[in-house]
Amino acid sequence: MKVAVVGGGLAGLSAALELVDAGHEVELREARPTLGGAVQTLPRREGDPEPPPDNGQHIALGCFTEYRQFLERIGEEGSLRRLRLELPVIDERGRTASITPSPLALLRYGHLPLGDRLRILRALARWGDSRGTTFADALRARGQSQRAIDRFWDVFIRPALNLRSEEASAEAGDFTVRTALLGERSDSDLLLPT
């Protein structure tokens, strides 16, 4: 069967490969002059630094199984460096605290008052189905303050989803928390392109 795939981003490329593997003849359509969608080196512009800026999957988590399988399928599984999640966060006064998937580390997260840290741990211990459209709505329904959303949840969610909690769907935020903070230890590992 002949199949057309519209869009040459990661999802389109992955779909095209699966269709080819299933024996289909695939025609891939992409409006841009390059493949990769949001994952690409941007065209050179005067004044840009070297190397030229790029966009896309700068960081992934160990729980991103589909992304890892795609890289394996195209022969790039060795192009990721795996690190245990320890996300250093520097506040406006230059103080550093780290986000690490451990209750003790979360209790030590000094960018929030103790009450907010305890509410984060309570929310994680009782994590269930979300209520609300955005991840921020779901967090508020779980008793999270705006300060906790700004200084903890957004710091964790934004690199994973490339969206703030106010922009991410409740479903995407919940999935990320369930798999990265509440899943297997290796699910929270940082995967960095080499």
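Quick look at the structure, then. (Residues numbered from 1 in each chain as written. Predicted model: local features only at pLDDT ≥ 70, side-chain atom pairs only at ≥ 80, totals over all residues. Heavy atoms only, no water.)

Here's the deal with the overall build of the protein
Put simply, the test is: By definition, any uninterrupted DSSP run of H or I lasting at least four residues is a helix, any uninterrupted run of E lasting at least two residues is a strand, and each is numbered from the N terminus. The rule is simple: take the accessible area with a 1.4 Å probe, protein chains only, and divide by the maximum for that residue type; under 20% is buried, over 50% is exposed, in between is partly exposed. Pairs of residues are marked as contacts when any of their non-hydrogen atoms sit within 4.5 Å. Reported accessibility uses the Shrake-Rupley method at a 1.4 Å probe radius. Residues are deemed covered only where the shown protein chains occlude them. We score Asp and Glu as negative and Lys and Arg as positive, and we do not count His or the chain ends. Think of each charge as sitting on NZ of Lys, CZ of Arg, CG of Asp or CD of Glu.
The helix and strand tally for the protein stands at seven helices and nine strands. Principal-axis analysis of the C-alpha atoms gives the protein an extent of 55 × 45 × 30 Å. The proportion of buried residues among the 194 residues of the protein is 38%. The long-range share in the protein, meaning contacts at least 24 apart out of those at least 6 apart in sequence, stands at 51%. Carbon and sulfur atoms make up 52% of the accessible area of the protein, which amounts to about 11,500 Å² in all. Side chains of the protein give 26 positive and 28 negative charges; the mean places of these two sets differ by 9 Å.

Re empty space enclosed by the protein
Cut-off, in case you're wondering: Points on a 1 Å grid over protein atoms alone make up a cavity when a 1.4 Å probe fits among them but cannot get out, and a pocket when they form an open set with protein on both sides within 12 Å along at least five of seven lines; lining residues each have an atom within 4 Å of a point. Grid points are joined across faces, edges and corners, and a volume is the space filled by probe spheres set on the points. For this classification, Asp, Glu, Lys and Arg are treated as charged, while Ala, Val, Leu, Ile, Met, Phe, Trp, Tyr, Cys and Pro are nonpolar and the rest, including Gly, are polar.
Under the definition given, this model contains one cavity of 30 Å³ or more. As for the largest cavity, its lining consists of Ile59, Leu61, Leu85, Leu87, Val155, Phe156, Pro159, Ala160 and Leu190. Tallied by class, residues from the lining of the largest cavity come to nine nonpolar, no polar and no charged.

Brief notes about a nonpolar patch on the surface
What counts here: Exposure above 30% relative accessible area and the lack of any salt bridge qualify a residue for a patch; like charges then connect within 9 Å, and the nonpolar side chains Val, Leu, Ile, Met, Phe, Trp and Tyr within 5 Å. Within this document, salt bridges are pairs made up of a side-chain nitrogen of Lys or Arg and a carboxyl oxygen of Asp or Glu, the two lying within 4 Å of each other.
Taken together, the side chains of Leu104, Leu107, Leu114 and Leu118 present a nonpolar region at the surface, about 330 Å² in accessible area. Breaking the nonpolar patch down by element, the ones donating at least two residues are helix H3 (103-107) and helix H4 (114-125). The topology assignment puts leucine 107 in helix H3.

Focus: the packing of helix H6 (residues 146-161) against helix H7 (residues 170-181)
Heads up, the condition is: For helices, the fitted line uses only the C-alpha atoms of the stretch in contact; every axis is such a line through C-alpha atoms, and the angle between N-to-C directions lies from 0 to 180 degrees. An angle counts as roughly parallel when it lies under 35 degrees, as roughly antiparallel when it exceeds 145, as roughly perpendicular when it falls between 65 and 115, and as oblique in every other case.
Packing of H6 against H7 brings their axes to within 11 Å, and their N-to-C directions diverge by 100°. One finds that H6 runs roughly perpendicular with respect to H7. Taking contact as the criterion, the partners of Trp153, Phe156, Ile157, Ala160 and Leu161 in H6 are, on H7, Ala172, Gly173, Thr176, Val177, Ala180 and Leu181. The residue makeup of the contact of H6 with H7, split by class, is nine nonpolar, two polar and no charged.

Concerning the nonpolar core
Under the convention used in this document: Buried Ala, Val, Leu, Ile, Met, Phe, Trp, Tyr and Cys residues form a nonpolar core when they are joined through side-chain atoms within 4.5 Å.
Among the nonpolar cores identified, the biggest contains 37 residues, and Trp153 and Phe156 are the most heavily contacted of them. No other element matches the seven residues that H6 contributes to this core. In this structure phenylalanine 156 touches Leu61, Leu85, Leu87, Ile99, Thr176, Val177, Ala180 and Leu181, once residues within four positions along its chain are discounted.

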